[in-house]
Amino acid sequence: MLLNGVTLKNGHEIPLKSLNLVIGPNNSGKTSFLSDLKSLQDTGLILQATSPQGLDEFQIKAYLDSLGNYNIPSGKGKGSYGANNWDEASRLVQRNIEFVSSEFLRRKWSNSTTILDGKTRLSIVDDKPYQGISADTSQNVFETLRKNRNLKADLQKHLEVVLPGKFFALWNPKPTQLRAYICDVEPVEDIEYFDSPKAAQFFEQNAKSLAKYSDGIKAYLGILINVIADGKKQFLIDEPEAFLHPNLCFKLGQTLASIACDLDTAFLTLARYSNSNL
């Protein structure tokens, strides 16, 4: 995780680990805290500082190498200094190391972090645009799952915990539309990858759109779909217990803990009650 801890404006320090739970009642500032944390801005209502406060030079180099872009922010409002390689960029970094270090931490954190609130979790399971199986890049989590069978198998493993005997599938009822289904029968012979009358008949007779399930199932699977397929490293989850039965909430906490270990992913969840079962 990029951050070891945060300090709030009231002086309270919160150490951060792979799985973190912050509890507070309504109107206590939880959502404002997530907003501040997503952008790492100390101009908001809650966040004062982070630990560390920036990237070291080795981390800056690795970050710029990954981008293939060695432009360095100027520290004078908008704009940046151009550089063609790390040797040129390193001299620019050293001129204003404090600002550049904190700015690149903010950018790297922001680009690798997602906020999942209640509305977002439910909408994740809605139909998504579809470019076709031959598209080079994925534009949403459904396309990622359709192309990466290992990720889809991971999701299926977690689905079986709450819906035993059911199977997750993605099929395009229209050429440019991808829909998530929960199937009563396991799709075989790659039927979900074909736009055919046989496939249409299978999903009509043996499956139900995930979007038509209860809010609890949609919220639970919406979180897992995003965590598994979004590609981000940090997830800030606002009131994960919303829409969930206590037993389902407990299973979500177990699953997030398992994913945090397996995928080197970090979670910060904000709940309303200490007995939220997470």
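Structure's up top.
Residues numbered from 1 in each chain as written. Predicted model: local features only at pLDDT ≥ 70, side-chain atom pairs only at ≥ 80, totals over all residues. Heavy atoms only, no water.

*Asks:* With reference to specific residues and values, describe the overall build of the protein.
*Replies:* On a plain count of helices and strands, the protein comes out with ten helices and 13 strands. Over its C-alpha atoms, taken along the principal directions, the protein stretches across nearly 65 × 50 × 30 Å. Here the protein holds 278 residues, and 47% of them are scored as buried. Carbon and sulfur atoms provide 48% of the accessible area of the protein, an area that totals close to 14,200 Å². Here the protein holds 31 positive side-chain charges and 31 negative ones, and the gap between their average locations is 3 Å. (Helix = DSSP H or I, 4+ residues; strand = E, 2+ residues; numbered from the N terminus. Buried < 20%, exposed > 50% of the residue type's maximum accessible area, 1.4 Å probe, protein only. Areas by Shrake-Rupley, 256 points an atom, 1.4 Å probe, with all protein chains shown as cover. Lys, Arg positive; Asp, Glu negative; His and termini not counted. Charge placed at Lys NZ, Arg CZ, Asp CG, Glu CD.)

*Asks:* Explain the pattern of salt bridges to me, using residue names and the numbers behind them.
*Replies:* In this structure the tally under the stated criterion is eleven salt bridges. Salt bridges sharing partners connect three or more residues here, namely Glu103, Arg106 and Arg107. (Salt bridge = Lys/Arg side-chain N within 4 Å of Asp/Glu carboxyl O.)

*Asks:* Which residues make up the pairing of strand β13 (residues 266-271), and what are the values?
*Replies:* The buried fraction of β13 amounts to six of the six residues, a majority that puts the element mostly inside the structure. Of the two faces of β13, both are covered, the one formed by Ala266, Leu268 and Leu270 as well as the one formed by Phe267, Thr269 and Ala271. Judged from the five bridges that link them, strand β12 (residues 234-238) and β13 form a sheet pairing that is parallel. In the strand pairing of β13, isoleucine 237 is matched with threonine 269. Once you follow β12 into helix α10 (residues 246-262) and on to β13, the crossover reads as right-handed. (Pairing = 2+ DSSP bridges. Right-handed = clockwise from strand over helix to strand, strands pointing away.)

*Asks:* Now, about the sheet that holds β12: what can you tell me, with residues and values included?
*Replies:* With parallel pairing, the four strands of this open sheet are ordered in space as β3-β13-β12-β7. One side of each edge strand has no neighbouring strand; the edge strands of this open sheet are β3 (19-23) and β7 (113-116). Across the sheet, the mean angle from the axis of one strand to that of its neighbour is 15°, orientation sign disregarded. (Axes fitted to C-alpha atoms, helices over the stretch in contact; angles between N-to-C directions.)

*Asks:* Can you lay out the nonpolar core for me, pointing to particular residues and giving the numbers?
*Replies:* Judged by nonpolar contacts, the single largest core of 40 residues is most densely connected at Leu145, Phe168, Ile182, Leu210, Tyr220, Ile225 and Phe267. Among the elements of the structure, α6 (141-147), α7 (149-162), β9 (167-174), β10 (177-183), α9 (215-229), β12 and α10 are those that each provide at least two residues to this core. Non-local contacts of phenylalanine 267, meaning those with residues more than four positions away in its chain, are made with Ser18, Leu19, Asn20, Val227, Phe235, Ile237, Leu256, Ile259 and Ala260. If you look at the next biggest cluster of nonpolar residues, it comprises 31 residues, including Leu8, Leu16, Ala83 and Phe104. (Core = buried A, V, L, I, M, F, W, Y, C linked by side-chain atoms within 4.5 Å. Contact = heavy atoms within 4.5 Å.)

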